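These are the residues of each chain, in order.
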Amino acid sequence: MAIAGSAPAYSLAASSAALIGAAGLFSPAALLWCAIPMLGIAWAFNYLGRLDVNAGASYSWVGRALHPSLGFAAGWSLVVSALIFMVAGSLPAGQYTLSLFSASLSQNTWAAVGVGAFVFLVMALLVLLGARITAHAQWIMTGIEIAILAVFGILALFHHRPGASFHLSYLWGFGHFGGVSGFATAALVAGFYFWGWDVTANLSEETTDSKKNSGLGGLLGVAAVFAVFEIFTIALNMNVTDKQISGGTFLSDLGEVVMPGAGGKIMVLAVVLSTIATLETTLIQISRSLFAMGRDKTLPSVFGKTHSRWQTPYVAIAVIVVISLGLFVASSQIGSVNTILQDAVLAIGLQICVYYALAGIAVVVAYRKVVFKSASNALFVGIWPGAGAIFMGFLFVENCMSLSGEVIAIGLGALALGIVPLAFYWIKGSEFYSNPGSRLDAATADAVDAEFGSSTLSVGASNNSGSVATDL
């Protein structure tokens, strides 16, 4: 589920133009410098998940470890980023599917939106039917996707167009991004590549032995997709021209280089499967987040209802579908598919920086009484997550000063809308805001042994009456 959430083929199809535009041949280095702090955030999710098994994940953890308003900000950041992603995720599915029939049709925004919306509705139905069906579908789709990417990625490394070359400095070169601002933009896009692995945390209430498996899944997911991203980004640098990158179907072009005739269509299949998979996991993330917030009455309590048969938050899913279809129509007025994707990628990048940074801070606060009891504690619960939080904060601030007004309006405007429900339910007296005893505090940290073994307690969790059923 973590790999499906990061969606390697989709991320490459949707974001490579923006990443290569920002970092050029040093795109692999941008991915590396983002992967290191991203793993720190994955460690934060791993250890916070041991304290609080909650479908809201960072929303619940940050609210209890830091402050309820910051918890709401973390949850709202995920919600709005996921809603924007419904458009950014569906468009490549439509674009690549249409490319099987007509290259010109694949660049038609209305056609891509229509096909993408159809795929989105099918995925929403699968998510509605339950986590078990969704998980089984992910095994199939993501398994095929990774097999295709592994074969084509490795073979592509042995091909290169005339004049293309590769240097080891492309993997870690730091001084070739055009200054701090250029690096921040490239790293923001790279952060979008990885985003989605944390769906395992939102599935914690539905996962067997979730205190171990949810966090471990996220860590392994980040490591696995990093390897795929590096291989394919190097392959793109060696085999695909800038003109092909701007054309939008460069992965199919790469497939043709590796396997003339059928290779392009096979790569299209990988992108479509990846997009479908990540639409599913994003729907899971946003629906479970809305469910947790409805259960805590920080959003309308109707979001906290589950279907009597399928045990899924059906009201939240229905609202997501309606809003997303409206966004599909609105996006078609913005411009070309590539313009929509690049603006969405950067706006989402700003939003995910918020809740990732807050989670990195929250784990240090929650475990502060034990963080210096061993070297491993200091590294995996203190230094690494803390550095990840600082890095995400840096990306947010630096990009707010350099991105276009349109991207800032989308990214920050959507975040600012959260002030309305935050103020309304705070004044209304939601227990999430009024009961500080439910937070993870120093007593929680004292209960955790230095090695975070089996004695780790699940404390501070919400009353899960009416929660998503344990389905897996």
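The rules behind each value
Residues numbered from 1 in each chain as written. Predicted model: local features only at pLDDT ≥ 70, side-chain atom pairs only at ≥ 80, totals over all residues. Heavy atoms only, no water. Helix = DSSP H or I, 4+ residues; strand = E, 2+ residues; numbered from the N terminus. Buried < 20%, exposed > 50% of the residue type's maximum accessible area, 1.4 Å probe, protein only. Contact = heavy atoms within 4.5 Å. Areas by Shrake-Rupley, 256 points an atom, 1.4 Å probe, with all protein chains shown as cover. Core = buried A, V, L, I, M, F, W, Y, C linked by side-chain atoms within 4.5 Å. Polar contact = N/O pair within 3.5 Å; in protein donor to acceptor, adjacent residues only side chain to side chain. Axes fitted to C-alpha atoms, helices over the stretch in contact; angles between N-to-C directions. Parallel < 35°, antiparallel > 145°, perpendicular 65-115°, else oblique. Left-handed = near helix turned anticlockwise from the far one by under 90°. Nonpolar A, V, L, I, M, F, W, Y, C, P; charged D, E, K, R; others polar. 1 Å grid on protein atoms, 1.4 Å probe; cavity = no way out; pocket = protein on both sides within 12 Å on 5 of 7 lines; lining within 4 Å. Points joined across faces, edges and corners; volume = space filled by probe spheres on them. Phe/Tyr/Trp six-rings, centres within 6.5 Å; stacked < 30°, edge-to-face > 60°. Patch = residues over 30% accessible without salt bridge, like charges linked within 9 Å, V, L, I, M, F, W, Y side chains within 5 Å. Salt bridge = Lys/Arg side-chain N within 4 Å of Asp/Glu carboxyl O. pLDDT = per-residue confidence, 0-100. Disulfide = S-S within 2.5 Å.

Let us now look at the overall build of the protein chain. Scanning the protein chain for helices and strands turns up 21 helices and zero strands. For the protein chain, the residues scored as buried account for 59% of the 472 residues in total. Pairs at least 24 residues apart make up 83% of the contacts formed inside the protein chain by residues separated by at least 6 positions. Surface exposure of the protein chain reaches about 16900 Å², of which carbon and sulfur atoms provide 70%.

Another point: the nonpolar core. Formed by 150 residues in total, the largest nonpolar core has its most connected members in F194, W197, L251 and Y356. What Y356 contacts, discounting residues up to four positions off in sequence, is M38, I41, F45, W195, G196, W197, D198 and M392.

This paragraph deals with the side chain of S324. Looking at the element boundaries, S324 is found in helix 15 (residues 314–331). S324 sits in the buried class, given a relative accessible area of 0%. At 2.7 Å, the side chain of S324 forms a polar contact with the backbone oxygen of I320.

Below, the discussion takes up the packing of helix 6 (residues 109–128) against helix 14 (residues 263–295). Axis separation between helix 6 and helix 14 bottoms out at 9 Å; the angle between their running directions is 55 degrees. Here helix 6 lies oblique to helix 14, going by the angle between them. Helix-helix and strand crossings are classified by hand; for helix 6 and helix 14 the assignment is right-handed. On the side of helix 6, the interface is formed by V119, F120, M123, A124, L126 and V127, while helix 14 contributes I276, L279, E280, L283, I284 and R288. The residue makeup of the contact of helix 6 with helix 14, split by class, is 10 nonpolar, no polar and two charged.

We now examine empty space enclosed by the protein. According to the stated counting rule, one finds three cavities of 30 Å³ or more in the structure shown. As for the largest cavity, its lining consists of 18 residues, and the residues nearest its centre are F45, W61, A201, S214 and G215. Elements that contribute at least two residues to the lining of the largest cavity include exactly helix 3 (27–51), helix 10 (199–202) and helix 11 (210–239). Examining the composition of the lining of the largest cavity, we find that six residues originate from one element, helix 11, more than from any other. Class assignment for the residues of the lining of the largest cavity results in seven nonpolar, eight polar and three charged.

So, on to the packing of aromatic side chains. Inspection of every chain in the model, using the stated rule, returns 27 aromatic pairs. Seen in terms of ring centroids, F45 and Y356 are 6.1 Å apart; in terms of plane orientation they differ by 85 degrees. Their pairing is edge-to-face. Note that F45 is positioned in helix 3 and Y356 in helix 16 (residues 337–366), a separation of 311 residues in sequence. The burial state of F45 is the same as that of Y356; both residues are buried. Ring plane angle 20 degrees and centroid distance 5.7 Å describe the contact between W197 and Y356, whose orientation is recorded as stacked. Placement of W197 in the loop between helix 9 (179–194) and helix 10 and of Y356 in helix 16 is noted, with a sequence separation of 159 residues between them. With respect to burial, W197 and Y356 carry one shared label: buried. Taken together, the aromatic side chains of W43, Y47, Y367, F380 and W384 make up a single cluster linked through ring pairs.

Moving on to a nonpolar patch on the surface. Side chains of W139, I140, I144 and L269 sit close together on the surface and give an oily, nonpolar patch of about 470 Å² of accessible area. Within the secondary structure, W139 is located in helix 7 (residues 131–156). Its relative accessible area of 70% is what places W139 among the exposed residues.

Averaged over every residue, the pLDDT of the protein chain is 84; the share at 70 or more is 87%. Segment residues 449–472: pLDDT under 50, and 75 contacts once partners within four positions in sequence are set aside and those in other chains are kept.

Moving on to unusual backbone geometry. Even without a glycine there, the phi angle at A57 is positive, about 50 degrees. Among the secondary structure elements, A57 is positioned in the loop between helix 3 and helix 4 (58–65). Backbone geometry at K297 places phi at a positive 60 degrees, although glycine is not the residue there. As for its placement among the helices and strands, K297 is situated in the loop between helix 14 and helix 15. Judged by its relative accessible area of 47%, K297 is partly exposed.

Attention now goes to the environment of V363. With respect to the secondary-structure elements, V363 resides in helix 16. By relative accessible area, V363 is classed as buried at 0%. When residues no more than four places from it in sequence are discounted, the contact partners of V363 are A44, Y47, L48, V381 and P385.

Turning next to the state of the cysteines. Scanning the model with the defined rule gives zero disulfides in all. This cysteine, C34, is not joined by any disulfide, and C353 carries the nearest cysteine sulfur, 8.0 Å off. The structure places no disulfide on C400, whose sulfur is separated from the nearest cysteine sulfur, that of C353, by 8.8 Å.

Let's shift gears to helix 4. Of all eight residues that make up helix 4, eight are buried, and the element is covered over most of its length. The complete set of buried residues in helix 4 reads S58, Y59, S60, W61, V62, G63, R64 and A65.

On to the side chain of T298. With respect to the helices and strands, T298 occurs in the loop between helix 14 and helix 15. Judged by its relative accessible area of 0%, T298 falls in the buried class. Here the side chain of T298 touches Y59 through a polar contact of 3.1 Å, side chain to side chain. Apart from residues no more than four positions distant in its own chain, T298 is found in contact with Y59, F72, M293, P421, Y425, S430, F432 and Y433.

On to the packing of helix 3 against helix 11, then. How two helices sit against one another is set out by the angle between their axes and by the gap between those axes. In contact at an axis separation of 8 Å, helix 3 and helix 11 are set at 175 degrees when each is read in the N-to-C sense. Judged by the angle between their axes, helix 3 and helix 11 are roughly antiparallel. Seen from helix 3, the contacting residues are S27, P28, L31, L32, A35, M38, L39, A42, W43, N46, G49 and R50; seen from helix 11, they are K211, G215, L216, L219, V222, F226, F229, E230, T233, I234 and N237. Counted by class, the contact of helix 3 with helix 11 contains 14 nonpolar, six polar and three charged residues.

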